[in-house]
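Here is what each chain is made of, one letter per residue.
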Amino acid sequence: MSDNNVIKSFLETINMCITQQKLLKIILSNPLNSSNLIKNILIKPILLKDKLMLSFTYRYVTKDQVTNFSIAEALEVLKGEIGVNWLQTNLFSTEADYQLLSTKKGKHSLVVHKNKNKTSPPDLKHDHTKSRSIELNGQLYLNKLGITNLKGELLKEGQKKFKQIHRYIELLSEELSGLKNNDSINIVDFGAGKGYLTFALYDYLVQQKKINANIVGVELRENLVALGNNLAKVSGFSGLQFIADDIANFKPQNLDVLIALHACDIATDLAIHKGIVSNAQLIVVAPCCHKQIRNEMEAHSDFKELMKFGLFKERQCELLTDGLRAMLLEKNGYKVKVVEFVGLEHTPKNLMLIASKTNNYSNNEVKIQAIKSQFGIKKHYLETLLETSN
Ligand SMILES: C[S@@+](CC[C@H](N)C(=O)[O-])C[C@H]1O[C@@H](n2cnc3c(N)ncnc32)[C@H](O)[C@@H]1O
């Protein structure tokens, strides 16, 4: 059998095990690239709202990250992983165990051990993991944004973005369910870009959850705004619109949730500021670059020796920029969580600040000033914005 056919027939075996409910688990291990931060992936069948899905646990050294896929999506993801990113794949079914070994040169060999005694199929009903997935099929926007083909199948080049979308919906669904009045939500997505995540969020809230959501994507680039509006129209997403504007000038009306993902440098501060002054219930930002603080930062005494290393200086800039953002949010009555948005292998810009409005205003001014003075920072841009709006 040719090497391509080994993989093809192995994928068919996986598909057969799934459809005949014989699949116990699949483990992808021994990453092809030793610098891969994911050490292995464990895949198990689960029932979510009576629908059979596959749950992927991506195991990093320090954490696990779970994403649930429909069977069609899972098979597409597996196609892009087995023998491509992993040198070993083990498939355990009720009737046999399979081991696929791959080499870096693309050779594959499959060994099968039949089980003497059949194992019982897994009791899927006992898994209570929540469904938060985006359906691939029939989603025009996923096709137009280059994530799926016309048949609704995940494209290889769309996989990273799709994983990002999944994780984003997973994180936001939890936060949104905690909002006071979550049957009708006004959301603004600042620096929406091409709108991958804006469309996915609308799809999740309105199509799947039947929530009356209005989402506005604010974006400087007029061509992207025109594309977004056109796609929203042909998709029938009547509560989604894109507006060409600068975050600094945009005046949100009844803002419940503010989102700004990878908005450049101080655009993240402009967005957070809009959220705070509009009293948004939820502010979600994934910062991008940190130029403002980098230009101001000047390490004093003990830190000077460390800051001569470019990478340490860069990390320190991120820590100070985003750490001070978190503290300023706390000072303005928000409870802040800092999480990893997606695995570092997808983008190094993977930090997310999730801030929920509370009535607890932190008295942290002295601490903020102390941290700034350690690093010669006169003003964080968010501070300047907050001062001018007082
Ligand atoms: C890196 S892209 C991120 C796109 C999208 N949020 C995502 O995560 O896929 C950042 C976008 O923010 C836009 N942007 C930057 N500064 C802005 C500003 N002041 N007002 C509006 N949009 C801005 C850029 O044009 C760009 O499209």
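Quick caveat, the model's predicted, so the values are computed rather than measured. (Residues numbered from 1 in each chain as written. Predicted model: local features only at pLDDT ≥ 70, side-chain atom pairs only at ≥ 80, totals over all residues.)

Chemist: Honestly, the overall build of the protein chain in this entry has me stumped. Any pointers?
Modeler: Secondary structure summary: the protein chain contains twelve helices and 14 strands in total. Over its C-alpha atoms the protein chain spans a radius of gyration of 24 Å, differing by no more than 12% from the 21 Å that the globule rule assigns to 390 residues. Sequence separation of at least 24 residues holds for 63% of the intrachain contacts in the protein chain that already meet a minimum separation of 6. (Helix = DSSP H or I, 4+ residues; strand = E, 2+ residues; numbered from the N terminus. Rg over C-alpha atoms; globule rule 2.2 N^0.38 Å. Contact = placed C-beta atoms within 7 Å.)

Chemist: How do you make sense of unusual backbone geometry when you look at a structure like this?
Modeler: Both trends apply: most residues other than glycine have a negative phi, and most peptide bonds are in trans. The phi torsion at Gln21 lies on the positive side, around 55°, for a residue other than glycine. Along the chain, the position of Gln21 falls in the loop between α1 (3-19) and β1 (23-31). A residue is classified by how many C-beta atoms lie within 10 Å of it, and Gln21, with 13 of them, is partly exposed. Positive phi, normally seen in glycine, also occurs at His262, with a value near 55°. With respect to the helices and strands, His262 occurs in the loop between β11 (257-261) and α7 (266-277). His262 sits in the partly exposed class, given 18 other C-beta atoms within 10 Å. (Buried ≥ 20, exposed ≤ 12 C-beta atoms within 10 Å, placed from the backbone.)

Chemist: What's the story with the sheet that holds strand β10 (residues 240-244) in this structure? I'm lost.
Modeler: Neighbouring strands of a sheet are bound in pairs by backbone hydrogen bonds; such pairs are parallel or else antiparallel. If you trace the seven strands from one edge of the open sheet to the other, you get β10-β9-β8-β11-β12-β14-β13, paired in mixed fashion. The open sheet has two free edges, formed respectively by β10 and β13 (334-340), since each of these has just one partner strand. Recorded for the sheet is a direction-independent mean angle of 15° between the axes of neighbouring strands. One ladder, built from seven bridges, connects strand β8 (residues 184-190) with strand β9 (residues 212-219); its direction is parallel. (Pairing = 2+ DSSP bridges. Axes fitted to C-alpha atoms, helices over the stretch in contact; angles between N-to-C directions.)

Chemist: Can you walk me through the site of the ligand in this structure?
Modeler: Around the ligand lies a shell of 19 residues, among which Gly191, Gly193, Leu220, Leu261 and Ala267 are the nearest. Secondary-structure elements contributing two or more residues to the shell around the ligand are α5 (196-208), β9 and α7. Residues that form the shell around the ligand fall into these classes: 13 nonpolar, three polar and three charged. (Near = placed C-beta within 6 Å. Nonpolar A, V, L, I, M, F, W, Y, C, P; charged D, E, K, R; others polar.)

Chemist: Is there a simple way to explain the environment of Ser29 in this structure?
Modeler: Among the structural elements, Ser29 can be located in strand β1. Take Ser29: there are 14 C-beta atoms within 10 Å of it, and that puts it in the partly exposed class. Separated by 231 residues in the primary sequence, Ser29 and Ala260 place their C-alpha atoms 35 Å from one another. Residue contacts for Ser29: discarding those within four places in its chain leaves Asn40, Trp86 and Gln88.

Chemist: Sorry, what's going on with the sheet that holds β1 here?
Modeler: Pairing in this open sheet of seven strands is antiparallel, and the strands run β4-β3-β2-β1-β5-β6-β7 from one edge to the other. In this open sheet, the two strands that pair with only one neighbour each are β4 (64-70) and β7 (108-114). Adjacent strand axes in the sheet meet at a mean angle of 15° when their direction is disregarded. Pairing of strand β3 (residues 51-60) with β4, which is carried by seven bridges, proceeds in the antiparallel orientation. Bridged to Arg59 within β4 is Asp64. On top of the sheet, helix α2 (residues 71-81) reaches β1, β3, β4 and β5 (86-93); it is set at about 120° to β4, its chief contact.

Chemist: How should I be thinking about the nonpolar core in this particular structure?
Modeler: Side chains that are nonpolar tend, in soluble globular proteins, to be buried together. Of all hydrophobic cores here, the largest spans 92 residues; its most connected members are Phe190, Ala200, Leu201, Tyr202, Leu258, Ala271 and Ile283. Looking at this core element by element, the count peaks at nine residues for α5. Residues from two domains meet in this core; each of domain 1 (3-126) and domain 2 (157-389) gives at least three. If near-sequence neighbours (up to four positions away) are discounted, Ala271 is found in contact with Phe190, Ile247, Leu258, Ala260, Ala263 and Val285. (Core = buried A, V, L, I, M, F, W, Y, C linked by C-beta atoms within 7 Å. Domains from an automatic or database assignment.)

Chemist: Looking at this structure, how should I read the environment of Ser2?
Modeler: Tracing the sequence through the fold places Ser2 in the segment before α1. With 8 C-beta atoms packed within 10 Å, Ser2 lands in the exposed category. Put simply, Ser2 and Phe250 are 248 residues apart on the chain and 59 Å apart in space, counted from C-alpha to C-alpha.

Chemist: Would you take a moment to explain the domain arrangement of the protein chain for this structure?
Modeler: In many reports, interface size means the accessible area that the parts give up when they come together. Domain annotation of the protein chain identifies domain 1 (3-126) and domain 2 (157-389). A separation of 35 Å is found between the C-alpha centroids of domain 1 and domain 2. Across the boundary between the two partners, domain 1 contributes nine residues, which contact seven residues of domain 2. Where the side of domain 1 that touches domain 2 is concerned, the elements lending two or more residues are β3, β4 and α2. Class assignment of the residues belonging to the side of domain 1 that touches domain 2 gives a composition of five nonpolar, four polar and no charged.

Chemist: Could you clarify how one ought to interpret α2 in this entry?
Modeler: Within an α-helix, residues lying three or four positions from one another point in the same direction, as the helix has 3.6 residues per turn. Residues of α2 that are buried: Glu73, Ala74, Glu76, Val77 and Leu78. Downstream of α2 by one or two residues, Gly83 has phi in the positive range, about 70°.

Chemist: How should the pairing of β8 be read in this particular structure?
Modeler: Successive residues of a regular strand alternate their side chains across the two faces of the sheet. The buried count for β8 comes to five of seven residues, which makes it a mostly enclosed element. In terms of handedness, the path from β8 via α5 over to β9 forms a crossover that is right-handed. (Right-handed = clockwise from strand over helix to strand, strands pointing away.)

Chemist: Sorry, what's going on with the packing of helix α4 (residues 159-177) against α5 here?
Modeler: The description of two packed helices rests on the angle between their axes and on the distance between the axes. Interhelical geometry of α4 versus α5 gives an angle of 50° and a closest axis separation of 10 Å. What the angle tells us is that α4 and α5 run oblique. Where α4 crosses over α5, the two elements pack in a sense that is right-handed. Contact residues: Lys161, Ile165, Tyr168, Ile169, Leu172 and Ser173 in α4; Tyr196, Leu197, Ala200, Leu201 and Tyr204 in α5. Grouping the constituent residues of the contact of α4 with α5 by class yields nine nonpolar, one polar and one charged. (Parallel < 35°, antiparallel > 145°, perpendicular 65-115°, else oblique. Left-handed = near helix turned anticlockwise from the far one by under 90°.)

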